[in-house]
Amino acid sequence: MSFLTLDHVTHHYFSKNGYTKALEDISLSVGEGEFIALLGPSGCGKSTILSIIAGIMKQTKGSVLLQNEAITDSELPIGYMLQQDYLFPWKTIIDNVLIGPKIYKKEAPAVKEKALELLDEVGLAHVSDAYPDALSGGMRQRAALVRTLINDPKILLLDEPFSALDYQTKLKLEDLVSQLLKTYYKTTVLVTHDIGEAIAMSDRIFIMNADPGSIAKVFEVPVELRNETPFLVRRHPKYQIIFDKIWKELDERAPDSEGAEAT
Amino acid sequence: MKAKSDQHLFEAYKNSLKREKRIVISWQLSILIIFFVLWEIASKFYWIDPLLFSSPSRVGNVLVEKFADGSMFTHVQVTLFETLLGFLIGTIAGILIASALWSSARFSKIMDPYLVIMNAMPKVALGPIIIVALGPGYISIIAMGAIISVIITTLVVYSAFNEVDPNYEKVLKSFGATRWQCFKEAVFPATLPAMISTLKVNVGLSWVGVIVGEFLVSKQGLGYLIIYGFQVFDFSLVMSSLALIAIFAAIMYKIVEKLEAWLIKHST
């Protein structure tokens, strides 16, 4: 049964001088524990989809169901990770992590213990009382991950969370995130423009068109790749095959060939 | 051997810093001394009219005399009290109004033209009306000290609220935070440095408001002494009040600066 369903979702951005259609007729469903990736050029509305799923924005048409409940009525916690960590610089790491429970009014010694455990799991236990500016980019993004996981979200939305990191840190973090999500059996939607990252991490890849954002094609990641860590996926013989397929698909939609299509 | 030469270079660097500091301070002192000496000489030899421009020795005499009989303490106290209160009320009210504007986009749109008018308005021109409304006393003068800084505080703090990175709110909203929670957890703390820097501006403004208020109505305070000295043509009194205002305004500014450094250190 589908865990998250988007049914003919369309979204417009209105301004004084008119409107832009950011999304058109997006329909997709994600099973529980599944990891999907939305892959496409910038400006194809990937982040808009995440904002709608998170309930921060309301789509202009269509419906979004999480466990068969409209997203706005749902009380399920949602985990949202952005390109940057957006840790609050005036709070210590542990206080940053506990901001979610504070808002849900579920602050308890047990929650703090769980937070420390999670921090330990991502290798940040020793800096729990430090301020974010004392940490490196990779450490900060790990802290941000713990901040979302502490609320036990039913679904995780990752908005290019690795794009601001250097390559080595990014690969390491991919492995960590992937392992954590498998352990806790989280349903995840990843937005990215990195083909390799999409293949390495997800089970299914949705290729998106821009102007207006819509789903162009869906790729299934081969089963052999799904159970490997992202680092090992990149060395798997089948990796290059699917990479080439997606590359070709995206290349045909590249902006420089768009003019020819329009005529 | 190598460590020794490193240490040596470091010592040389420290010495050059010390030397630079000594040069700056000696220039600063020289300017001060030259100014007072020239003033004294110019007054003594009638290059300037001593009746109008007084002289450092006369100003000194007035200060000693007035502090000795205790009357100056009262004046200083009154003015400091009014300025401090005006400054606090103006700043806090400004931050509260800015928060109200932030809480409702519609309210802020409605208030926009009124804020523009009130900001453009020279606040001291409201003096007579405030005195009529609040009576000739402390309250009017404190109100002057406050009103002169409240609108500018509102505008500066409100625009700082709006410049907070919306992604901080996005993070909190994904946890289901209400608008008030977003304000308390993200917007307000993120704006603290901006608020503190308005404090520095407000200190100066409150002095203006209070001195003008004392010009208009009062029987005590440094502003009153200036106006009184002017009316009885006692310019030594005017000058000594001015000197005290300069000293206390500078002290207040320095305190706020220290407070700023402390708050920034402990809030971020």
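Residues numbered from 1 in each chain as written. Chains lettered and ligands numbered in written order. Predicted model: local features only at pLDDT ≥ 70, side-chain atom pairs only at ≥ 80, totals over all residues. Heavy atoms only, no water.

Q: Whenever I open this one, the packing of aromatic side chains confuses me. Can you help?
A: To describe a pair of aromatic rings, one takes the distance between the centres and the angle between the planes. Evaluated as defined, the whole model comprises 19 aromatic pairs over all chains. Here the aromatic rings of Tyr239(A) and Phe243(A) are separated by 5.8 Å at their centres, their planes lie at 40°, and the arrangement is tilted. Linking Tyr239(A) with Phe243(A), this pair stays in helix α10 (residues 237–252), spanning four residues, or about one helical turn. Side by side, Tyr239(A) and Phe243(A) carry an identical accessibility label, which is buried. Members of the aromatic cluster, each reached through a chain of ring pairs, are Trp102(B), Phe161(B), Trp180(B), Phe183(B) and Phe188(B). Stacked on the ring of Trp102(B), the Lys or Arg Arg179(B) has its end atom at 4.1 Å from the ring centre. (Phe/Tyr/Trp six-rings, centres within 6.5 Å; stacked < 30°, edge-to-face > 60°. Helix = DSSP H or I, 4+ residues; strand = E, 2+ residues; numbered from the N terminus. Buried < 20%, exposed > 50% of the residue type's maximum accessible area, 1.4 Å probe, protein only. Lys NZ or Arg CZ within 6 Å of the ring centre and 35° of its normal.)

Q: Is there a simple way to think about the side chain of Lys170(A) in this case?
A: Residues and elements named next belong to chain A. Within the secondary structure, Lys 170 is located in helix α6 (residues 167–183). Accessibility expressed as a relative area gives 7% for Lys 170, which makes it buried. With residues up to four places along the chain from it excluded, the contact list for Lys 170 reads Phe 162, Leu 165, Asp 194, Glu 197 and Arg 234. (Contact = heavy atoms within 4.5 Å.)

Q: Explain the UniProt feature "domain: ABC transmembrane type-1" (unreviewed entry) in chain B to me, please; I cannot follow it from the model alone.
A: UniProt annotation of "domain: ABC transmembrane type-1" (unreviewed entry) refers to residues 72–256 of chain B when read in the numbering used here. In the segment residues 72–256 of chain B, helix accounts for 86% and strand for 0%; the C-alpha atoms at its two ends are 25 Å apart. (UniProt positions renumbered as here; feature names shortened; annotations may be inferred.)

Q: Teacher, can you tell me more about the interface of chain B and chain A here?
A: It is common to give the size of an interface as the accessible area that goes away when the parts come together. Between chain B and chain A, the contact holds 18 residues from the first and 20 residues from the second. Buried area between chain B and chain A, summed over both chains or domains, comes out near 1900 Å², and the portion from carbon and sulfur atoms is 66%. Three residues, Tyr168(B), Phe175(B) and Glu185(B), lead the burial of chain B against chain A; their summed loss comes to 38% of the area buried on that side. Our enumeration of links across chain B and chain A arrives at two salt bridges. As a salt-bridge pair, Lys102(A) and Glu185(B) come within 3.0 Å of each other at their nearest N and O atoms. Listing elements by their share of the side of chain B that touches chain A, those giving two or more residues are α8 (166–174) and α9 (179–216) of chain B. (Buried area = accessible area lost by both parts, 1.4 Å probe. Salt bridge = Lys/Arg side-chain N within 4 Å of Asp/Glu carboxyl O.)

Q: Help me out: how do you make sense of the packing of helix α7 (residues 138–162) of chain B against α9(B) in this one?
A: For any two helices packed against each other, one specifies the crossing angle of their axes together with the interaxial distance. Residue and element names in this part refer to chain B. In contact at an axis separation of 7 Å, α7 and α9 are set at 150° when each is read in the N-to-C sense. On the basis of the axis angle, α7 is roughly antiparallel to α9. Classified by chirality, the crossing of α9 by α7 is right-handed. Its residues placed into classes, the contact of α7 with α9 shows 17 nonpolar, nine polar and one charged. (Axes fitted to C-alpha atoms, helices over the stretch in contact; angles between N-to-C directions. Parallel < 35°, antiparallel > 145°, perpendicular 65-115°, else oblique. Left-handed = near helix turned anticlockwise from the far one by under 90°. Nonpolar A, V, L, I, M, F, W, Y, C, P; charged D, E, K, R; others polar.)

Q: Explanation requested: a nonpolar patch on the surface in the structure shown.
A: All names here are of chain B. A surface patch of nonpolar side chains, amounting to about 1000 Å² of accessible area, comprises Ile 25, Leu 29, Leu 32, Ile 33, Phe 35, Phe 36, Val 37, Ile 41, Phe 45 and Trp 47. Relative to the elements of secondary structure, Leu 29 occurs in helix α1 (residues 2–44). Exposure remark for Leu 29: the relative accessible area of 48% places this residue in the partly exposed category. (Patch = residues over 30% accessible without salt bridge, like charges linked within 9 Å, V, L, I, M, F, W, Y side chains within 5 Å. Areas by Shrake-Rupley, 256 points an atom, 1.4 Å probe, with all protein chains shown as cover.)

Q: Where do I start with the pattern of salt bridges in this structure?
A: Where charged atoms from two side chains of opposite charge approach closely, those side chains can pair. Within this structure, the stated rule accounts for 18 salt bridges over all chains. Within the structure, one salt-bridge network assembled from shared partners comprises Lys170(A), Glu174(A), Asp194(A), Glu197(A) and Arg234(A).

Q: Which parts of the structure should I look at to understand the sheet that holds strand β1 (residues 2–15) of chain A?
A: Within a sheet, each strand pairs with its neighbour through backbone hydrogen bonds, oriented either parallel or antiparallel. All names here are of chain A. The antiparallel open sheet is built from four strands, whose spatial order is β2-β1-β4-β5. At either margin of the open sheet sits one strand with a lone partner, and together these are β2 (18–31) and β5 (69–70). Relative to strand β4 (residues 61–66), β1 runs antiparallel, the two being bridged by five bridges. Looking across to β4, one finds that Thr 10 is bridged to Lys 61. Along the sheet, helix α1 (residues 46–54) makes contact with β1, β2 and β4, crossing β1 at roughly 115°. (Pairing = 2+ DSSP bridges.)

Q: Even after reading the chapter, I still don't get the pairing of β2(A), so can you show me in this structure?
A: Each regular strand shows side chains that alternate between the opposite faces of the sheet. All names here are of chain A. Bridge count between β1 and β2: 10 bridges; the pairing is antiparallel. Each bridged residue has a counterpart across the sheet, and for Val 9 the counterpart in β2 is Ile 26. Here β1 folds back onto β2 in antiparallel fashion, the turn holding two residues.

Q: Just checking my understanding: could you explain the side chain of Thr91(B) for this structure?
A: Residue and element names in this part refer to chain B. Looking at the secondary structure, you find Thr 91 in helix α4 (residues 71–103). Take Thr 91: its relative accessible area is 5%, and that puts it in the buried class. When sequence neighbours within four positions are dropped, the list of residues in contact with Thr 91 reads Ser 149, Thr 153, Leu 199 and Asn 202.

Q: What am I meant to see in a negative patch on the surface here?
A: A cluster of like negative charges, contributed by Glu113(A), Glu117(A), Asp120(A) and Glu121(A), occupies part of the molecular surface. Given the relative accessible area of 54%, Glu117(A) is considered exposed. (Lys, Arg positive; Asp, Glu negative; His and termini not counted. Charge placed at Lys NZ, Arg CZ, Asp CG, Glu CD.)

Q: Mind showing me how you'd approach the packing of helix α5 (residues 105–120) of chain B against α7(B) here?
A: All names here are of chain B. Close contact between α5 and α7 brings their axes to 10 Å; oriented N to C, the two are set at 135°. For the element pair α5 / α7, the angle class is oblique. The interaxial crossing formed by α5 with α7 has left-handed handedness. The segment α5 lies against α7, with Ser 108, Leu 115, Met 118 and Asn 119 engaging Ile 151, Ile 152, Thr 154, Leu 155 and Tyr 158. Tallied by class, residues from the contact of α5 with α7 come to six nonpolar, three polar and no charged.

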